[in-house]
Amino acid sequence: MERIEIEKTEMANVASSQRPAISARGRKEILSERLLALLLKKPELIAEAIKAAAVLPKNDFEILSALAANQNEFSATRTALSADLRPRLDFLYLAGDYELEKADHDFDIGEEVKLLIKEIERERHKENLQKIGQQIRKCEAEEGLDMNQLMEEFQSVSNKLYKIDENKK
């Protein structure tokens, strides 16, 4: 009985160490996950999603690239991925099943993919604004530094974010 308890504890520890902490994931990672899950169910939309590929988290970028390179063929994509990314692909495939199962009859995957791409871009711009804001605060702390370029960059990214928000309306 003691051996069984030890094995059960070890298996639980391994399972929990392989699972990413939900609280550690950001909004962009969650959006990216949903995007890939839907693309696995409707691969003809991958060309649309390639636009946002550069701003996806690294592992998701690799999965999307492999999916596009293998003509949307799941088994070929799975084979092309490194062994550590295959469980993620499997999870995304099942997540896509779940998404479609819980969706209403009028759910439009194409529209949802477009929305997810916009939201991922929006998150990227928000991250850029935060970085620029930190640089501006650093420059303010160090008197005498020229902040014009940072302010222009901040304004440019803000305008891009504004355009994304305006297109949602």
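Since this is a predicted model, take the numbers as computed values, not measurements. (Residues numbered from 1 in each chain as written. Predicted model: local features only at pLDDT ≥ 70, side-chain atom pairs only at ≥ 80, totals over all residues. Heavy atoms only, no water.)

Along its length, the protein carries 8 helices and 0 strands. In the form shown here, the protein has an accessible surface area of approximately 11400 Å², with 51% of it arising from carbon and sulfur atoms. (Helix = DSSP H or I, 4+ residues; strand = E, 2+ residues; numbered from the N terminus. Areas by Shrake-Rupley, 256 points an atom, 1.4 Å probe, with all protein chains shown as cover.)

Helical periodicity: at 3.6 residues per turn, an α-helix aligns residues three or four positions apart in one direction. In this model, helix 7 (residues 109-141) (33 residues) spans 48 Å end to end at C-alpha, consistent with the 48 Å of a helix rising 1.5 Å per residue. Where helix 7 begins, the capping side chain belongs to Asp 108, and its oxygen is found 3.1 Å from the backbone nitrogen of Gly 110. (Expected span 1.5 Å × (residues − 1). Polar contact = N/O pair within 3.5 Å; in protein donor to acceptor, adjacent residues only side chain to side chain.)

Time to look at the pattern of salt bridges. Tallying each qualifying case throughout the model produces 13 salt bridges. The partner of Lys 58 in a salt bridge is Glu 62, with the nearest N and O atoms 3.0 Å apart. Taken as a pair, Lys 58 and Glu 62 lie in helix 4 (residues 58-69) at a separation of 4 residues, close to a single helical turn. Classification of Glu 62 by relative accessible area gives partly exposed; the value is 29%. (Salt bridge = Lys/Arg side-chain N within 4 Å of Asp/Glu carboxyl O. Buried < 20%, exposed > 50% of the residue type's maximum accessible area, 1.4 Å probe, protein only.)

So, about the environment of Phe 74. Topologically, Phe 74 is positioned in helix 5 (residues 74-80). Judged by relative accessible area, Phe 74 falls into the partly exposed class, the value being 25%. Phe 74 sits 34 residues away from Leu 40 along the chain, and the two C-alpha atoms are 7.7 Å apart. Sequence-distant contacts of Phe 74, that is, excluding residues within four places in its chain, are made with Leu 40, Leu 89, Asp 90 and Tyr 93. (Contact = heavy atoms within 4.5 Å.)

The contact between helix 2 (residues 27-41) and helix 6 (residues 86-102) brings their axes to 8 Å, and the two run at 80°. In terms of orientation, helix 2 and helix 6 fall into the roughly perpendicular class. Taking contact as the criterion, the partners of Glu 33, Arg 34, Leu 36, Ala 37, Leu 38, Leu 40 and Lys 41 in helix 2 are, on helix 6, Arg 88, Leu 89, Phe 91, Leu 92, Tyr 93, Ala 95, Gly 96, Asp 97, Glu 99 and Leu 100. Across the contact of helix 2 with helix 6, the residue classes break down as 10 nonpolar, 1 polar and 6 charged. (Axes fitted to C-alpha atoms, helices over the stretch in contact; angles between N-to-C directions. Parallel < 35°, antiparallel > 145°, perpendicular 65-115°, else oblique. Nonpolar A, V, L, I, M, F, W, Y, C, P; charged D, E, K, R; others polar.)

What the rule picks out here adds up to 1 aromatic pair. Ring geometry for Phe 74 versus Tyr 93: centroids 4.8 Å apart, planes at 45°, classification tilted. Here Phe 74, found in helix 5, pairs with Tyr 93, found in helix 6; they are 19 residues apart in sequence, far enough to count as distant. Given the relative accessible area of 32%, Tyr 93 is considered partly exposed. Sitting above the plane of the Tyr 93 ring, Lys 41 keeps its charged end 3.2 Å from the centroid. (Phe/Tyr/Trp six-rings, centres within 6.5 Å; stacked < 30°, edge-to-face > 60°. Lys NZ or Arg CZ within 6 Å of the ring centre and 35° of its normal.)

This part takes up the nonpolar core. With 26 residues, the main nonpolar core has Leu 35, Leu 39, Leu 64 and Val 113 as its most contacted residues. In terms of residue count, helix 2 provides more of this core than any other element does, 6 residues in total. In this structure, Leu 39 is in contact with Leu 45, Ile 46, Ala 49, Leu 64 and Val 113, ignoring residues within four places of it in sequence. Listed in part, the 7 residues of the second largest apolar core include Leu 129, Ile 132, Cys 139 and Leu 161. (Core = buried A, V, L, I, M, F, W, Y, C linked by side-chain atoms within 4.5 Å.)

Here we take up the packing of helix 2 against helix 7. Direction vectors running N to C along helix 2 and helix 7 enclose 155°, while the axes themselves pass 9 Å from each other. Relative to helix 7, helix 2 is oriented roughly antiparallel. Where helix 2 crosses over helix 7, the handedness of that crossing is left-handed. Residues Arg 27, Lys 28, Leu 31, Ser 32, Arg 34, Leu 35, Leu 38 and Leu 39 of helix 2 form the contact with helix 7, whose participating residues are Ile 109, Glu 112, Val 113, Leu 116, Ile 117, Glu 119, Ile 120, Glu 123 and Glu 127. (Left-handed = near helix turned anticlockwise from the far one by under 90°.)

Worth remembering: the numbers are spatial, not functional.
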